[in-house]
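What follows is each chain in one-letter form.
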Amino acid sequence: MNIAIEELSVAYAGRAVVSGVHLIAADGEIAGLVGPNGSGKSSVLRTVYRHLRPAAGRVLVDGRDVWELTPVQAARCVAALPQERTSDFELTVGDIVMMGRTPYKRPFAGEDATDRAVVAGALERVGMGAARGRSFSTLSGGERQRVLLARALAQDPDVLVLDEPTNHLDVLHQVELLALLREQRRTTLVSLHDLNAAASVCDRLHVLHRGRVVASGTPREVLTPELLAEVFGVRAAVLEHPLTGDPLIAFDHRSPAAVASPVTTAVAP
Amino acid sequence: MPIVEADAQTTPARTGPDHTPGRAPGVRHVRAGVLAAVLGVALLAALTFAVAWGSTDVPPREVWSVVLRRLSGEAPRPGTSDLIVWQLRLPRALLAAVVGAGLGLVGTAVQALVRNPLADPYLLGISSGASLGAVGALVLGLGTGGALGLGTSGAAFVGALATFALVWLIARRGGGFSPLRLVLAGVGLGQFLTGFTSYLVLQAGDEQQTQGVLFWLMGSLGGAGWETLAVPAAAVPVALLLLMARARALNTMMMGDETAAGLGVSPARLRRELFVVTSVLTGVLVAVSGAIAFVGLMVPHACRLLVGADHRRLLPVSALFGAVLLVVVDIVCRTALDTQELPVGVVTSLIGAPALLYLLDRRLGRNA
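Residues numbered from 1 in each chain as written. Chains lettered and ligands numbered in written order. Predicted model: local features only at pLDDT ≥ 70, side-chain atom pairs only at ≥ 80, totals over all residues. Heavy atoms only, no water.

A few points about the sheet that holds strand β4 (residues 56-61) of chain A
Residues and elements named next belong to chain A.
Point 1. Strand order in the open sheet formed by four strands is β2-β1-β4-β5, with antiparallel pairing between adjacent strands. Lying at the two open borders of the sheet, with one neighbouring strand each, are β2 (15-25) and β5 (64-65).
Point 2. Sheet topology note: the strand β1 (residues 3-12)/β2 ladder contains seven bridges and is antiparallel. In the strand pairing of β2, Ile3 is matched with Ala25. (Pairing = 2+ DSSP bridges. Helix = DSSP H or I, 4+ residues; strand = E, 2+ residues; numbered from the N terminus.)

What to know about the environment of Leu103(B)
Residues and elements named next belong to chain B.
Point 1. Inspection of the secondary structure assignment puts Leu103 in helix α3 (residues 80-113).
Point 2. Between the alpha carbons of Leu103 and Ile292 there is a distance of 8.7 Å; along the sequence they are 189 residues apart.
Point 3. In this structure Leu103 touches Leu285, Ile292, Val295 and Gly296, once residues within four positions along its chain are discounted. (Contact = heavy atoms within 4.5 Å.)

Focus on the sheet that holds strand β3 (residues 30-34) of chain A
Residues and elements named next belong to chain A.
Point 1. With mixed pairing, the six strands of this open sheet are ordered in space as β6-β7-β8-β3-β9-β10. Pairing within the sheet leaves two strands with one partner each, and these edge strands are β6 (78-81) and β10 (212-217). Going from strand to strand, the sheet's axes swing by 15 degrees on average, the running direction of each strand aside.
Point 2. Relative to strand β8 (residues 187-191), β3 runs parallel, the two being bridged by four bridges. Each bridged residue has a counterpart across the sheet, and for Gly32 the counterpart in β8 is Val190.
Point 3. Of the strands in this sheet, β3, β7 (159-163) and β8 touch helix α6 (residues 171-184), which is tilted by about 165 degrees from β7.
Point 4. The strands touched by helix α9 (residues 225-232) within the sheet are β3, β9 (204-209) and β10, with β9 carrying the most contacts at an inclination of about 35 degrees. (Axes fitted to C-alpha atoms, helices over the stretch in contact; angles between N-to-C directions.)

Notes on the packing of aromatic side chains
Point 1. Enumeration according to the criterion identifies six aromatic pairs over all chains in this entry.
Point 2. Ring centres of Phe192(B) and Phe196(B) lie 5.5 Å apart, and the angle between their planes is 80 degrees; this geometry places the pair in the edge-to-face category. Of the two residues, Phe192(B) and Phe196(B) both sit in helix α6 (residues 179-203), four residues apart, roughly one turn of that helix.
Point 3. Its relative accessible area of 43% is what places Phe196(B) among the partly exposed residues.
Point 4. Aromatic rings pair up to connect Phe164(B), Trp168(B) and Phe275(B) into one cluster.
Point 5. Arg144(A) extends its terminal NZ or CZ atom over the ring of Phe136(A), reaching a point 5.3 Å from the ring centre. (Phe/Tyr/Trp six-rings, centres within 6.5 Å; stacked < 30°, edge-to-face > 60°. Buried < 20%, exposed > 50% of the residue type's maximum accessible area, 1.4 Å probe, protein only. Lys NZ or Arg CZ within 6 Å of the ring centre and 35° of its normal.)

Let's talk about helix α4 (residues 126-139) of chain B
Point 1. With 14 residues, α4(B) should reach 20 Å at 1.5 Å per residue; the first-to-last C-alpha distance of 20 Å fits that figure.
Point 2. Here α4(B) lies mainly inside the structure; 14 of its 14 residues are buried. (Expected span 1.5 Å × (residues − 1).)

A short note on the interface of chain A and chain B
Point 1. Each side of the interface is counted separately: chain A has 55 residues, and chain B has 42 residues.
Point 2. When the two sides are added together, the surface that chain A and chain B hide from each other amounts to roughly 3,900 Å², 57% of it contributed by carbon and sulfur.
Point 3. Applying the counting rule to chain A against chain B returns two salt bridges.
Point 4. As a salt-bridge pair, Arg312(B) and Glu111(A) come within 2.4 Å of each other at their nearest N and O atoms.
Point 5. At the junction of chain A and chain B, the tally comes to nine residue pairs in polar contact (both at pLDDT 80 or more).
Point 6. Looking at the side of chain A that touches chain B, the elements with two or more residues in it are α2 (71-77), β6, α3 (93-99), α4 (113-125), α5 (141-154) and α6 of chain A.
Point 7. Among the elements that line the side of chain A that touches chain B, the one with the most residues is α6(A), at five residues.
Point 8. Tallied by class, residues from the side of chain A that touches chain B come to 24 nonpolar, 14 polar and 17 charged. (Buried area = accessible area lost by both parts, 1.4 Å probe. Salt bridge = Lys/Arg side-chain N within 4 Å of Asp/Glu carboxyl O. Polar contact = N/O pair within 3.5 Å; in protein donor to acceptor, adjacent residues only side chain to side chain. Nonpolar A, V, L, I, M, F, W, Y, C, P; charged D, E, K, R; others polar.)

Things to note about the nonpolar core
Point 1. Val99(B) and Phe275(B) are the most contacted members of the largest nonpolar core, which has 103 residues in total.
Point 2. One finds Ile96(A), Val190(A), Cys202(A) and Leu205(A) within the second-largest nonpolar core, a separate group that totals 55 residues. (Core = buried A, V, L, I, M, F, W, Y, C linked by side-chain atoms within 4.5 Å.)

Details of the UniProt feature "domain: ABC transporter" (unreviewed entry) in chain A
Point 1. Under the present numbering, the feature "domain: ABC transporter" (unreviewed entry) in UniProt falls on residues 3-235 of chain A.
Point 2. The span residues 3-235 of chain A carries 35% helix and 27% strand; its end-to-end C-alpha distance comes to 33 Å. (UniProt positions renumbered as here; feature names shortened; annotations may be inferred.)

Some details on the packing of α3(B) against helix α13 (residues 311-335) of chain B
Residues and elements named next belong to chain B.
Point 1. Closest axis-to-axis distance for the α3/α13 pair is 7 Å, and the angle between their directions is 140 degrees. It follows from the interaxial angle that α3 and α13 lie oblique. Classified by chirality, the crossing of α13 by α3 is right-handed. Residues Arg89, Arg92, Ala93, Ala96, Ala97, Val99, Gly100, Ala101, Gly104, Leu105, Thr108 and Ala112 of α3 form the contact with α13, whose participating residues are His311, Leu314, Leu315, Ser318, Ala319, Gly322, Ala323, Leu326, Val327, Asp330 and Arg334. (Parallel < 35°, antiparallel > 145°, perpendicular 65-115°, else oblique. Left-handed = near helix turned anticlockwise from the far one by under 90°.)

Rendered as structure tokens:
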């Protein structure tokens, strides 16, 4: 299944936050959205899992506009891992992963053997098979993310959409979560803050800046010192990772880029 | 005991229990079916004693013989037993059960609606509106004296719906329908209406009127009769059905609107539906029993500790638990003092607060 976002615009209270975004994720590809804070990454993702209705444009999954499907039909092909990661209610791991079956259940229908097998399988796949009865609030950040990924997998989706899945995770848990993501071999749209993580896990990157896509391509094509200076406003060298061969960005943490800082480009039209 | 994580480089697979730290055991819940059966038996027992005990005790066996005789359509045996059991105490006991069940449901729904396990029906201002309606009717003489006549109930229901409409309009302004806007609109309007009610209470002419008003504000089942029972007895099962049909959708809302949307639920639409169901049901309940505090907050919370947060189990268990609780409370209210009846709300607060603290303490102790 592929995703095609065409001429997408999003507005909050009349103010455009995303305009004219066009991007494609091919079948089985991991497409990364990167960009500074407020560049519109989350807004784009929200239109895909139907939380935010586009002001204009279309979101196509295998040629079908998700906004012309019913919410339930859409939830059967797109599963989301939004940034909501806590609950004031005492939920168990099993409660949360079973939520993934919601799009498949009629009102009043109980859980059948299929649901239980799917939930158990999803928990197994993220290595949380033994945690079913545990309280979600007692889990570590990394464990929570794996449980939420299991919920998305229990939805049996064609497409996974993840909003900053590695936020607040330590390095090992980031590595584990991204490795899990690659193992799934599903069409995936993921926003990431960590450019080095994005460079090694994504097949293609789309750079968002002020609500527009300013670059698309493989990580090697996209992540250049010039782009990092212009979009992120930082000085950086792009090296080759000695272990993996992926692009490795070495930031200059002492001073921002001299040219095209975000403040000066903000004045430009 | 230190937990050794699997070597991430050689075995990125996260299989086997060694990857799951073994500190906290699973949350232990009671099986919902077992609990429901226990509560069902408890409800029958509580109803029996509610009818048996009072200023004149009727033996439980006699209670059932009167009830079965009536139910089988035979002519009632003449005597005081039939009068006490069938005309006076049974409608009241049943009303306590229905109102308790309704409050349990409303509390569960409102907590999901505003996504806060410590919310209660009063948060949306609807009971305040109902109280103002009822008290206004009493003071202006539309109700008949201190008795909770049809005039008062009607005014309470109108007050509830009017408040509901106002809260709705305020919360909708700006297009959003967020939990925070709902709570702010509800609390704000509720306080405003409560101020009016207090003013009316001060203005109440004679002592009997004031007495009636206070009884209303603290909740009472004293107005029960077969005719008061009909509307709530129909409304509570309908509300249970409507909410059960949305139980899975309610579950998805516990983590947030984006999660719900990603799972094929429209949170705005669900919230509108919940708001209508809870408002109408609250209006019906307050109209027949006044503002009974704490049940709507306490019951779902306690039930969540017992059976977990899944609404497919939580809703029916909360209804049953609320029913048992209010029947028992009303027994206490009628029999604790020789000289007068206690308002239901006084006893629900006295029982509810310590019970909640105990349950919270137990829960925290287990998870520590």
